[in-house]
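Understanding the architecture of this molecule
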Amino acid sequence: MIKTDRTNNLSPSQQNIYFKKLAADLKANKANQPEAVKTCEMDVSLDSKIYDSINKAHDEILPTDIKTKTRVNITQALSLPEYAVRGLKGDPDANFFEFLQLAKIPYYVGGPILALCFAAGGDAAKAITRQKAVGVGLFYLAAMLASKAINVPVKMFTGVDLDQSYKKIVRLRTKSPDGLSPMRKEYHKVFESTDFTYFDLLRHGEDKAAHNHRIINKNFNDIAKKMGINHNLNDSDSTVKPNVKKLIIMSRAWKYALTIPYAALAIGLSMQDSWKNLGNQLKNDFVRNALTSKQGMSPLENTWFRIKGAGLTLKGQFWNTLKNSVKDFWNGTGAKGITKYYGKAAVISAITATLLANWSILRAGSLKDKKSVDVSKFPDAIQEKRKNLMKNAFDIVGKSRA
Amino acid sequence: MVNSLSQNNNINSARYSVPTTILNNNSQYMSDLFKNFYFVKPTAIPPKGHLIKGTMIPRPGDVFKEYCSAAKTFYKALKGEGGDYEIGKLNDSAIGIGSLGIASLLASKATTPMAKAMEFVGFGTWFLAMSVWPKFFIGKPVKMLTGVDINQEYVDSQGRRKRFFQDPQYLPWDLMSDEQINKVGNKLRIPENIENRREAIQDKMKQIATQSNTLWMLTAGFSTPILSSLMADKLRDPVKKLLNIVNTGLAKFKLSAVNGSRDLISSLINKVSNMKSSAGEKKLGNLLAEGNSAGIKEFFTGLSDKLTSNEVKTAISEKISDIGNSTKKEEVLGLYKKLTGLLKADQALYGYHKATLVNGIGNSWADVSKNILKALKMPKDLIKKLADANVDKRADIISQHLHSMKPEELAEVVHKVTKVAGKPVNQAKSAQGIISTFIQKPFKRALESIIGNDNAVNIAGKVENSLGNRVLDIESSFDGVVHALKNSKGKSMKVVTRLLGGIKSSDALTELTEVMKKGGEKALRNRLGESLTSKKTIDKIIDVIKNQDSSQFKSLGKWLGQTPQDLIADAARDTVTYNNWLTLKYRSWFQKVGLIGGGVLLGLTLFTILRMGKSNNYNPDVYKSKEVAGNEPSK
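What follows deals with the pattern of salt bridges. Applying the stated rule across the entire model yields 35 salt bridges over all chains. With its nearest N and O atoms 3.1 Å apart, the salt bridge here joins E511(B) to R527(B). Ionic pairing is found between R525(B) and D539(B), a salt bridge with its closest N-O pair at 3.1 Å. In this pair, R525(B) is assigned in helix α19 (residues 508-531) and D539(B) in helix α20 (residues 535-547), connecting sequence segments 14 residues apart. Given a relative accessible area of 31%, R525(B) falls into the partly exposed group. One salt-bridge network, in which partners are shared between bridges, spans E82(A), R86(A), D91(A), E98(A) and R184(A).

This is how it looks when you write it as structure tokens:
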């Protein structure tokens, strides 16, 4: 976020040399002679790309469109082999983030391997394997939904996007004698930590703040508005920040808690007999609907027809089975005694827990009843104070620079 | 002031000076705002962190504490209070509770108690595997080879328990003494005479820890399900035995609850059943108030359907159909009380019978048979031959073996078999004793209260007889083997074969009727005496054959039990297949999961561990020798 402020009128290639030379000088204990830096000659062996990127790299918030999110997810997934190789070699720069990223491997591998352990039982274990595999799949879906069940309403009603990613530049240990650190990119969530929430990233148009200080709190103003403050705040960031921290804590706790009823629901659904027949006709249906050409159709029509056929087959197999399992679970088909009501209990508890979670989070996150000063009602006094403050501050900074 | 500031070329100094300047401008508001931030010196508290020893399996006390603190954290989090560490810990607890919930849900769908128990066993082994894999299969070899304990834990100044090597960028090295570090350094063969040896060792330890952590994450996805399913599979037999013990114990308590015992569990059982009966009483009261005679009849029919014994059901059916016409509250409620008492006695009786005689001895049947086979000292090839032999050849094979024995050897075998086979028979007899006493006292009393004394005696006798069949089965089967072996002493092979062949239950009726026709009762008694020891059983069979009582034909098989040849041959088959890992299907499963899956995983893991701590492009292992006095380079 904090960009290097260098105004010594150098072209990009000259700037690279500046770094290179600086490093050389550091080595020769000549750091106190900046004049020598400016007069140095061009070095053709210099890797301008690296230094250029080091110069420009900074942490930045990423757009929330699906394209960026997909790109980030793919990049993160593709980084795993690299993390694994470096980790296995014992890279001194390996960090906890990489360890946590690697922890996704057992999470996503463990379930399918468990299903495979059942599959090793052969034909006799076919039905139970299918149910376990469905259970594993539905569990991952449930865990994802438990997170979304909080994130979506929180974003909608408070403007805090708990899913918001940012690109983090990690400066590594210096290895080369030039004194510059190599760097790596990581993708984090802005609101991943409550102790060290990266609020700086939400500051808007920092470079223009000297001319228009209002612009800097634009994001906080938006959040404050969504949280229920309908007037102008003098400093929306300090009003909003404690509340956002509260939101982070509550939503994380509730997400973990919601995983319990959601997982129970997923496993309950996978236990229904309708899944036992899943895939029995899949191959035949698929061949019949998606791979057989229909006579009297143009190739384009035929392709479209086949795609439709494939879609219908999958819908018939998965969607209908899921629907049936929900029905069976709700009605307690095949269950006896108290277990007959487990389906209803699981569905109702998942819904109730979601509503309760969102109600409590949004209630705590609301600023409606909080007292705050409407800056537009006291424009003169506050603006005067602000003007003095900014003037003094910039004066001093200016003077110290001079 | 301004002058002094201008000398500073550090932007931070300028920031510090802002409030001072504002103070000069008499801005009280800003000075108040910044006062605490800028002018209060932080007080340094000496760190209180210390190393602690981690455990292979989480201690129950620690787990309990963890869940208690998780509950507290969640309560605080609901108010918006908490930190990253505490909230992160909540995830572990949620996974634990969620998995327990999943196991309960799966158990509710399972049909047998064993299947239900195995769902919880699976839950336990899953978490055990998660804990054991990094601590034992990775941690122990790494420690053995390098001296680095990747499972080292510490408590930080805030009292939070963490893994020492969790975050390679923040390792609390100050908690480790020079002695500890040097010990690892010596094991890692880091040269003694180098500059900053402690740092060099720390770097190496960090390298190994990073390598181990990565290996853990790469393997855990495979190790947890594989280890978990293998452990759960191995726990099948112990779980079965444990279930037997628990079920028998519980069934005993139910019997003593009916007997009016006042121990803690019995009174608890009584309390629960009283609660149930008072709820039923209330329901019945409502039906009476409504005058709903059909409802009352239905209520009682539903209640009598819960009875296990068909004899009792038939005996009380008349009373049940009559009660629908009665409108007297006292009469109806009285019958309800009596019926619930009978139901309680019936359920306790049949529950005990099932737990002890059916499941208890049934589960150990195969083991006892195998021990009998073991006592026979049959060579391996003969066991295999016996396992594969046809029904007609079995007795021949065993008698051949017995015939090849010396008399003293045979005597020893008989002694051992008597000991082994006697155990289930004695167990069965003692259980049957308890059952008989129960039937003759509380069960008969409960029955008496509804259908009168004479009928009760009759019905109780029938119930005792039908439940007694199982004891006769057990007795005939195991005593039959002992009896056949005892009688084999000094007999010809033909006779021994005949003794071992016993009386097959499928042909019993024809065979025994034939014997009866040819030689009369005496001949039948002799024939039965060759296989059976119990006079009571022999009398019963003779009675049935003599009277050709078709209602008892089915029971014949139970009274005769398993023939000695079948019992020994079954054990042989079990032994052979057990040596081949039970069955072909099981062998194939174990080969795939245990040998291929687990073996390859373990092999790769150990191979990777062997390569740990070696120098590479990230860790070049370049050490600078320490300059020692007298060893300076010459100028």
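From this point on, the discussion continues.
This brings us to a positive patch on the surface. All names here are of chain B. On the surface, a cluster of positive charge is made up of K53, K140, K143, K183 and K187. Examined against the element boundaries, K187 turns out to sit in helix α7 (residues 178-187). On the accessibility criterion, K187 (43% relative accessible area) is partly exposed.

Residues and elements named next belong to chain A. A cluster of nonpolar side chains, namely F286, V287, L291, L314 and F318, defines an oily patch on the protein surface of about 420 Å² accessible area. Those elements that place two or more of their residues in the nonpolar patch are α10 (282-291) and α11 (299-331). In terms of residue count, the dominant contributor to the nonpolar patch is α10 (3 residues). Tracing the sequence through the fold places V287 in helix α10. The class for V287 is partly exposed, based on a relative accessible area of 40%.

Turning next to the environment of P141(B). Residues and elements named next belong to chain B. You can see P141 is positioned in helix α6 (residues 113-146). A sequence separation of 393 residues divides P141 from S534, and the C-alpha atoms of the two residues are 61 Å apart. In this structure, P141 is in contact with F136, L606 and I609, ignoring residues within four places of it in sequence.

Residues and elements named next belong to chain B. A positive phi angle, near 60°, is found at R189, a position not held by glycine. Examined against the element boundaries, R189 turns out to sit in the loop between α7 and α8 (197-234). You can call R189 exposed: its relative accessible area is 75%.

Time to look at the environment of K76(B). Residue and element names in this part refer to chain B. Tracing the backbone shows K76 in helix α4 (residues 60-77). Its relative accessible area of 46% is what places K76 among the partly exposed residues. Separated by 146 residues in the primary sequence, K76 and F222 place their C-alpha atoms 36 Å from one another.

What follows is about the environment of I398(B). Residues and elements named next belong to chain B. Note on placement: I398 falls in helix α15 (residues 391-403). In this structure I398 comes out as buried when scored by relative accessible area, which is 1%. For the pair I398 and L382, spaced 16 residues apart in sequence, the C-alpha separation works out to 8.7 Å. Beyond its immediate sequence surroundings of up to four residues, I398 is in contact with M378, L386, L500, Q565 and I568.

Take helix α13 (residues 329-375) of chain B next. The end-to-end C-alpha distance of α13(B) is 65 Å, a good match for the 69 Å that 47 residues give at a rise of 1.5 Å each. Of the residues one or two after α13(B), K377(B) is the one with positive phi, at around 55°.

Tallied over the entire structure, the rule returns 19 aromatic pairs over all chains. Each ring, one from F99(A) and one from W216(B), has its centre 5.9 Å from the other, and the planes form 50°; the classification is tilted. You can see F99(A) sitting in helix α5 (residues 96-102) and its partner W216(B) sitting in helix α8, one on each of two chains. Both residues of the pair, F99(A) and W216(B), count as buried. Relative to F74(B), the ring of W254(A) lies with its centre 5.4 Å away and its plane at 75°, an arrangement referred to as edge-to-face. Separated into two different chains, W254(A) in helix α9 (residues 236-270) and F74(B) in helix α4 make up a pair that spans both. On the accessibility criterion, W254(A) (8% relative accessible area) is buried. A connected cluster of aromatic rings, assembled from ring pairs, spans Y107(A), Y108(A), F139(A) and Y140(A). One Lys or Arg, R160(B), reaches over the ring of Y85(B) and ends 5.2 Å from the middle of that ring.

What follows covers the interface of chain A and chain B. Between chain A and chain B, the residue contacts involve 57 residues of the former and 65 residues of the latter. Between the two partners, chain A and chain B, sit 1 salt bridge. Among the ionic pairs, D84(B) bridges to R252(A), the shortest N-O distance being 3.3 Å. Scanning the region where chain A abuts chain B turns up 13 residue pairs in polar contact (both at pLDDT 80 or more). Counting only elements with at least two residues in the side of chain A that touches chain B, the list comes to α4 (66-89), α5, α6 (104-119), α9 and α13 (379-401) of chain A. The dominant element in the side of chain A that touches chain B, judged by the number of residues it contributes, is α9(A), at 13 residues. A class-by-class count of the residues in the side of chain A that touches chain B yields 32 nonpolar, 13 polar and 12 charged.

The rules behind these values
- Residues numbered from 1 in each chain as written.
- Chains lettered and ligands numbered in written order.
- Predicted model: local features only at pLDDT ≥ 70, side-chain atom pairs only at ≥ 80, totals over all residues.
- Heavy atoms only, no water.
- Salt bridge = Lys/Arg side-chain N within 4 Å of Asp/Glu carboxyl O.
- Helix = DSSP H or I, 4+ residues; strand = E, 2+ residues; numbered from the N terminus.
- Buried < 20%, exposed > 50% of the residue type's maximum accessible area, 1.4 Å probe, protein only.
- Patch = residues over 30% accessible without salt bridge, like charges linked within 9 Å, V, L, I, M, F, W, Y side chains within 5 Å.
- Areas by Shrake-Rupley, 256 points an atom, 1.4 Å probe, with all protein chains shown as cover.
- Lys, Arg positive; Asp, Glu negative; His and termini not counted.
- Charge placed at Lys NZ, Arg CZ, Asp CG, Glu CD.
- Contact = heavy atoms within 4.5 Å.
- Expected span 1.5 Å × (residues − 1).
- Phe/Tyr/Trp six-rings, centres within 6.5 Å; stacked < 30°, edge-to-face > 60°.
- Lys NZ or Arg CZ within 6 Å of the ring centre and 35° of its normal.
- Polar contact = N/O pair within 3.5 Å; in protein donor to acceptor, adjacent residues only side chain to side chain.
- Nonpolar A, V, L, I, M, F, W, Y, C, P; charged D, E, K, R; others polar.

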